Amino acid sequence: MRTLAIAALQTTPVPHDLEATWQRFADQVRTTRDLFPHVQLVVVPELLLAAEGALLQPSPDDWMEQAAVTVPGPLTDRICALAVETGLWLVPGSVYERAEDGRIYNTALAVSPEGEIAARYRKVFPWQPYEKTTPGDEFTVFDIPGAGRVGLAICYDGSFPETVRQLAWLGTEIVIQPTLTPTRDREMELVCARANAWSNQVYVVNVNAGDPAGVGQSAVVDPEGIVRQQAGPGEEILVDVLDLDTVTRVRRYGSAGINRPWSQLARYGESVKLPMYGGAGIHTPDWLKDETP
């Protein structure tokens, strides 16, 4: 049985204090390891380490510039050292990444227990017009040995069906989605999380910031679109053991033992005309070719 034990920390930063936020994050990761020694991966909300202010405690106009870091750089060195110390996979939310050309991206990272940056994903769909970061242009997956393939998405990415469809096409079985939502559209995000999980037959781990940085309601959704766990508004830890063989079962036999969207796409996807994508059909992903009817 392929399993991945995760802890989604619905937590908050210390607004506009990068060092205090780092210490709070590091202490919470260590506490999680001590409380739940079976956990393998810890994820926290979007832009946690950027120490953004709450909705009614807005950040200074130049805060993004102040908080931006290079990747790799001193902050990622600290994250990598923490991963080695704790023996955990870390998805430390996202950071403001300053690229070599000076542009700033909202970037999610995945760091292995060996202290290596296993994945770097630049948010493709920033929450415009409010978010000022430069959009990324490609989706990112990484493998956890003995478990499965993980895809990264950030907050508003989940509102675009192309995001999780592309990640699933790349072989993702779990989508880790750090989020920072302080507004009432959180209800729509949860609808999207369930829809993305069901239509792509993947787990979705959507971890939002707690009050007052966000409205909470972090959720773990299974490959049939069923909410396994959902948090309240305050600080909370969702601990779960995800059975990756469930993804295999659901894709092979169908959601609720009925619906097999990937098999249908394998049969007919390439013949479907998609004008919005230049007319090309959906090519059968490599991971599905052996099971194409």
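Residues numbered from 1 in each chain as written. Predicted model: local features only at pLDDT ≥ 70, side-chain atom pairs only at ≥ 80, totals over all residues. Heavy atoms only, no water.

Visitor: Would you mind going over the overall build of the chain with me for this structure?
Guide: Along its length, the chain carries eight helices and 13 strands. Compactness check: the chain gives a C-alpha radius of gyration of 19 Å against a globular reference of 19 Å for 293 residues, within 12% of the reference. With the C-alpha coordinates of the chain rotated into their principal frame, the extents come out at 55 × 45 × 35 Å. Taken across its 293 residues, the chain has 53% of its residues classed as buried. Within the chain, counting contacts between residues at least 6 apart in sequence, those at least 24 apart form 67% of the total. Summed over its atoms, the accessible surface of the chain is roughly 13,000 Å², and 54% of this surface lies on carbon and sulfur atoms. For the chain, the separation between the mean place of its 24 positive charges and that of its 38 negative charges on side chains is 6 Å. (Helix = DSSP H or I, 4+ residues; strand = E, 2+ residues; numbered from the N terminus. Rg over C-alpha atoms; globule rule 2.2 N^0.38 Å. Buried < 20%, exposed > 50% of the residue type's maximum accessible area, 1.4 Å probe, protein only. Contact = heavy atoms within 4.5 Å. Areas by Shrake-Rupley, 256 points an atom, 1.4 Å probe, with all protein chains shown as cover. Lys, Arg positive; Asp, Glu negative; His and termini not counted. Charge placed at Lys NZ, Arg CZ, Asp CG, Glu CD.)

Visitor: Looking at this structure, I do not really get the sheet that holds strand β7 (residues 141-144). What am I missing?
Guide: Note: strands within a sheet are paired through backbone hydrogen bonds, in either parallel or antiparallel orientation. Taking strand neighbours across the sheet as the criterion, the six strands line up as β7-β8-β9-β10-β11-β12 in an open arrangement whose pairing is mixed. The outermost strands of the open sheet, each flanked by one partner alone, are β7 and β12 (227-230). Here the strands of the sheet are splayed against their neighbours by 20° on average, with no regard to which way each runs. Note: strand β8 (residues 148-152) against strand β9 (residues 174-178), three bridges, orientation parallel. Bridging across to β9, L152 finds its partner in I176. (Pairing = 2+ DSSP bridges. Axes fitted to C-alpha atoms, helices over the stretch in contact; angles between N-to-C directions.)

Visitor: I tried to follow the packing of aromatic side chains on my own but got confused; where do I start?
Guide: The geometry of an aromatic ring pair comes down to the distance between the two centres and the angle between the two planes. The full count for this structure, using the stated rule, is seven aromatic pairs. Geometrically, the ring pair formed by W89 and F142 is stacked, given 5.6 Å between the ring centres and 25° between the ring planes. Residue W89 is found in strand β3 (residues 89-91), and its partner F142 is found in strand β7; the two are separated by 53 residues along the sequence. Per residue, the accessibility class of W89 equals that of F142, and both read buried. Relative to F160, the ring of F125 has its centre 3.8 Å away and its plane inclined at 5°; by these criteria the two rings are stacked. A residue pair is termed long-range when its members are at least 10 positions apart, and F125 in the loop between β6 (117-122) and β7 and F160 in the loop between β8 and α4 (161-169) qualify at 35 residues. (Phe/Tyr/Trp six-rings, centres within 6.5 Å; stacked < 30°, edge-to-face > 60°.)

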